[in-house]
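Report on the structure
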Amino acid sequence: MVENISSLVLLFISLIGWGMLADIKYKIHSAFIPIFVFALVTCLVFFAGLLNIMPHMALLIFLTGLGLFCFYSYYLIKRRENIRHILSPSIAIFTLLTLVVIAVYKDVIFLHYDNFSHWGLIVKEMYRINGLPDSTTMVLFKNYPPGSAVFIYYIVRVLGFSESHTLMAQGFLLASTLTVLLAFCKWKNPLHIIVALVTSLTLIFVIKGNIYNLLVDTLLGLVALSVTVIAYFYRNDWKKSLLVNTPILVLLLLVKDSGKLFIVINALLIFSILYWKHIKGENYTFNKRKLIAIAIICTLIIPFGSNFLWSKYTEKVYPEFTYESNKFAVTASNLNADDKSEHLKETLGKSIVKAATSPESANVKSMILLNAIGIFIILISYIKERLVPRLIVIPILFTNGIYILYMFFLYLMYLFLMPENEALRLAGFSRYHSTMFIYYSGILMTCITLVWSRSDFFMKSKLAATLSACFLVAVYIYPFLDNIPSIMNKPDPTSSIREKVKENYELIRAGTTEEPTVLYYSPRSTNDNGYLRYLASYEQLSNNYYIYRSSNTKEKRDSLTHHLNNSNYLIVVDQDEDIIDFLNDHSETSTDGVYKVSIIDGHLHLTLLN
């Protein structure tokens, strides 16, 4: 399953050591320990990367974790401390999810386009150079924050690089965010545990097949959700709230640039809680100015300071690259540009409103159901108990308010920052929408489930509790039933040219220590939107390749011959009649595979290697 089981065991012992520090020294709730530790590791490795000492920091974190494990194990044994509190439902579920992640990603390889264009490429390059990406790498999207890639780097630094290990690392991050949603669960209420677990799994089902690639749209929504849940859980303990959330807020901003909006949302939420609970409320026991200053530092200055340091790093390592060269850069020239057609200006708003409210969308369908359930529980609580559950009323107002705000920001992004052809078709809208939906629905599901679990009306008998639990589970998961197979079934490698390209290039790499020039021939890739090009860049980590998708004219055939004369190898990914005729002229065989290119007596000769 993992080439070196001992490395995996030592990795977990080290992470447990950091978890023991969080539990024993800082008394952090067990549900928040995994995400807190992972965020802390990410921050430490990131800042070390800025100083060009990433591998040293990774080793220090690993060894320190082992030392903490030994120290606190001795401490617990000597003092005979009770550790029953750590054996909570959240830790049990996290352990289960971790084992599932390890099993699911066995022998899984990248297939998705975006893994080769950026998300997998950046991890591979960081592992190669033992640092944050720079001008020596093949990374194209130079200003994309490296958040999840930094954590993945740490994991593969310990385990060794493989694509299944990178997916495991991202899976560990996802599992840690899902664990947060079980913070309110107790063993004495197993139905609450089941419904909370279904909530977690439902959020994973939102984006089809998302767990089999390193895209961060799901992760971004879940990390933002974690901050909100932790802020509410520690609403009466501002010190613990800021302690736990600060590294997670840094992680949130490092995961993706759009995390800035979620940081602002969460910062406002945290400030609101601080005001009502600790400044105006009964829990105020601290100097008001100091409290506000600490909150600003933890929620805004440290996260945005990290983003500022990243921007300065990219300016240093990519001197030819500027912020303005990014098509999504918010600049005066972009905002003042009048390069959009009247047709776009007239239709964009209507298109976004239609996409954001279409009941055909599984996300929108779920939003309608969640609001309906929330209103139903409000009515039941008022009729039966003469109570208005603020834990549902406020989240409904809050989530719908930020949803409208988010759609407005998307409108501005498409209008001012997107190229017109992309804005017209709302390119990427489903992913942007799903990220917000994960945050939106995660809040409502968690609040609805919590109020339900505490309601005397729903918990008055085992039958009522069971039936209502089944109803919640059905409503939560129903809109996403069609997405479940894409999560439960591993992608088929034969559905893509990836596996063949990977195997063929590994054969080349095994036979040479030099950096070869390879020509790829694949008629199947004629309309692949650059898939083969990004795949070749990912496999070779260089631009030493040519790509041909046909050779049906004399000009193309002559060009093919010319480039083969300047290449070391030919990889025939798939065939058409033209390449078969070409191979018959220059080789003894005409099958798919890897051919060694030779020039014999001035003539091109191809020798099949596999």
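Residues numbered from 1 in each chain as written. Predicted model: local features only at pLDDT ≥ 70, side-chain atom pairs only at ≥ 80, totals over all residues. Heavy atoms only, no water.

To continue, consider the overall build of the protein. Assigned secondary structure in the protein consists of 24 helices and five strands. Taking 2.2 N^0.38 as the reference for a compact globule, 610 residues should give roughly 25 Å; the C-alpha atoms of the protein span a radius of gyration of 27 Å, in line with that estimate. Across its three principal axes, the protein shows a C-alpha extent of roughly 95 × 70 × 50 Å. Residues classed as buried in the protein amount to 55% of the 610 residues present. Intrachain contacts of the protein at a sequence separation of at least 6 include 74% that bridge at least 24 residues. For the protein, the exposed area adds up to about 27,700 Å²; of that, 61% sits on carbon and sulfur atoms. One way to put it: in the protein the 52 positive side-chain charges average out to a point 18 Å from where the 44 negative ones average out. (Helix = DSSP H or I, 4+ residues; strand = E, 2+ residues; numbered from the N terminus. Rg over C-alpha atoms; globule rule 2.2 N^0.38 Å. Buried < 20%, exposed > 50% of the residue type's maximum accessible area, 1.4 Å probe, protein only. Contact = heavy atoms within 4.5 Å. Areas by Shrake-Rupley, 256 points an atom, 1.4 Å probe, with all protein chains shown as cover. Lys, Arg positive; Asp, Glu negative; His and termini not counted. Charge placed at Lys NZ, Arg CZ, Asp CG, Glu CD.)

Once that is clear, we can look at unusual backbone geometry. Even without glycine at this site, Lys27 takes up a positive phi of about 55 degrees. The phi torsion at Leu541 lies on the positive side, around 50 degrees, for a residue other than glycine. Mapped onto the elements, Leu541 comes out in the loop between α22 (531–540) and β2 (545–548).

By the definition in use, this model includes 31 aromatic pairs. Taking the centre distance of 5.5 Å and the plane angle of 55 degrees together, the rings of Phe184 and Phe233 count as tilted. With Phe184 in the loop between α7 (163–180) and α8 (190–204) and Phe233 in helix α9 (residues 217–233), this residue pair connects regions lying 49 residues apart in the sequence. For Phe233, a relative accessible area of 25% puts it in the partly exposed group. Seen in terms of ring centroids, Phe408 and Phe409 are 6.3 Å apart; in terms of plane orientation they differ by 65 degrees. Their pairing is edge-to-face. An aromatic cluster is built from Phe32, Phe184, Tyr232, Phe233 and Tyr234, whose rings are joined through pairwise contacts. Of note, Lys124 hangs over the ring of Tyr538, and the distance from its end group to the ring centre comes to 4.3 Å. A cation over an aromatic ring shows up here: Arg235 above the ring of Tyr232, its NZ or CZ 4.1 Å from the ring centre. (Phe/Tyr/Trp six-rings, centres within 6.5 Å; stacked < 30°, edge-to-face > 60°. Lys NZ or Arg CZ within 6 Å of the ring centre and 35° of its normal.)

Moving on to the confidence of the model for the protein. In the predicted model, the protein carries a mean pLDDT of 92, and 96% of its residues have values of at least 70. Here helix α13 (residues 332–336) stands out as the element of the protein with the lowest mean pLDDT, 58, in contrast to helix α2 (residues 33–50), whose mean of 98 is the highest. (pLDDT = per-residue confidence, 0-100.)

As a further point, take helix α18 (residues 429–454). Taking 1.5 Å per residue as the helical rise, α18 with its 26 residues ought to reach 38 Å, and the 37 Å between its terminal C-alpha atoms agrees with that figure. Within α18, 23 of the 26 residues are buried, which leaves it mostly tucked inside the rest of the structure. (Expected span 1.5 Å × (residues − 1).)

Moving on: the side chain of Asn213. Checked against the element boundaries, Asn213 lands in the loop between α8 and α9. At a separation of 3.0 Å, a polar atom in the side chain of Asn213 contacts the main-chain amide nitrogen of Leu215. If sequence neighbours within four positions are ignored, Asn213 has contacts with His112, Asn115, Leu167 and Gln170. (Polar contact = N/O pair within 3.5 Å; in protein donor to acceptor, adjacent residues only side chain to side chain.)

Glancing now at the pattern of salt bridges. Oppositely charged side chains may form a pair once their charged atoms are brought near each other. Under the counting rule described, the total for this entry stands at 15 salt bridges. A salt bridge links Glu315 to Lys312, with the nearest nitrogen and oxygen atoms 3.6 Å apart. Taken together, the residues Glu315 and Lys312, both in helix α12 (residues 288–317) and three residues apart, mark about one turn of the helix. The salt bridge involving Asp558 is made with Lys554; its shortest N-O contact spans 2.8 Å. Here Asp558 and its partner Lys554 are both found in helix α23 (residues 554–565), four residues apart, which amounts to about one turn of the helix. By relative accessible area, Lys554 is classed as exposed at 59%. What you see here is one network of salt bridges that share partners, running through Glu163, Arg498 and Glu539. (Salt bridge = Lys/Arg side-chain N within 4 Å of Asp/Glu carboxyl O.)

Our next topic: the sheet that holds β2. In space, the five strands of this open sheet follow the order β2-β1-β3-β4-β5, with mixed pairing throughout. Taken across any chain shown, the strands that pair with only one partner, and hence form the sheet edges, are β2 and β5 (603–608). Between one strand axis and the next, the sheet turns by 25 degrees as a mean value, whatever way the strands run. Here strand β1 (residues 518–521) runs beside strand β3 (residues 569–572); their pairing, made up of four bridges, is parallel. Bridge pairing in β3 links Tyr521 to Val572. Sheet contacts for α22: β1 and β2; angle to β2, the most-contacted strand, approximately 155 degrees. Relative to β5, helix α24 (residues 577–586) is tilted by about 105 degrees, and along the sheet it contacts β1, β3, β4 (593–600) and β5. (Pairing = 2+ DSSP bridges. Axes fitted to C-alpha atoms, helices over the stretch in contact; angles between N-to-C directions.)

Attention now goes to the layout of surface pockets. Of the volumes computed, that of the second largest pocket is approximately 910 Å³. Listing elements by their share of the lining of the second largest pocket, those giving two or more residues are α9, α11 (259–279), α16 (390–416) and α18. Considering every element that reaches the lining of the second largest pocket, the biggest residue donor is α11, with nine residues. In the lining of the second largest pocket, the residues fall into 21 nonpolar, three polar and three charged. (1 Å grid on protein atoms, 1.4 Å probe; cavity = no way out; pocket = protein on both sides within 12 Å on 5 of 7 lines; lining within 4 Å. Points joined across faces, edges and corners; volume = space filled by probe spheres on them. Nonpolar A, V, L, I, M, F, W, Y, C, P; charged D, E, K, R; others polar.)

Residue placement: Gln170 occurs in helix α7. Judged by relative accessible area, Gln170 falls into the buried class, the value being 3%. Excluding residues that lie within four positions of it along the chain, Gln170 makes contacts with Ser148, Ile152, Asn213, Leu214, Leu215, Val216 and Leu219.

All right, on to a nonpolar patch on the surface then. A grouping of Ile292, Ile296, Ile297, Ile301 and Ile302 is seen on the molecular surface, where their side chains present a nonpolar patch of about 380 Å² in accessible area. Relative to the helices and strands, Ile296 resides in helix α12. (Patch = residues over 30% accessible without salt bridge, like charges linked within 9 Å, V, L, I, M, F, W, Y side chains within 5 Å.)

Before going further, it helps to spend a moment on the packing of helix α14 (residues 342–357) against α16. Taken N-terminus to C-terminus, the directions of α14 and α16 make an angle of 145 degrees; their axes are 10 Å apart at the nearest point. As for the relative orientation of α14 and α16, their crossing is right-handed in sense. Residues Lys345, Leu348, Gly349, Ile352 and Ala356 of α14 touch α16, and the partners they reach there are Tyr403, Met407, Leu410, Tyr411, Tyr414 and Leu415. Partitioning the contact of α14 with α16 into residue classes produces nine nonpolar, one polar and one charged. (Left-handed = near helix turned anticlockwise from the far one by under 90°.)

As for its placement among the helices and strands, Thr177 is situated in helix α7. On the basis of relative accessible area, Thr177 is assigned to the buried category, the value being 1%. The spacing of Thr177 and Val223 is 46 residues in sequence and 6.1 Å in space, taken between C-alpha atoms.

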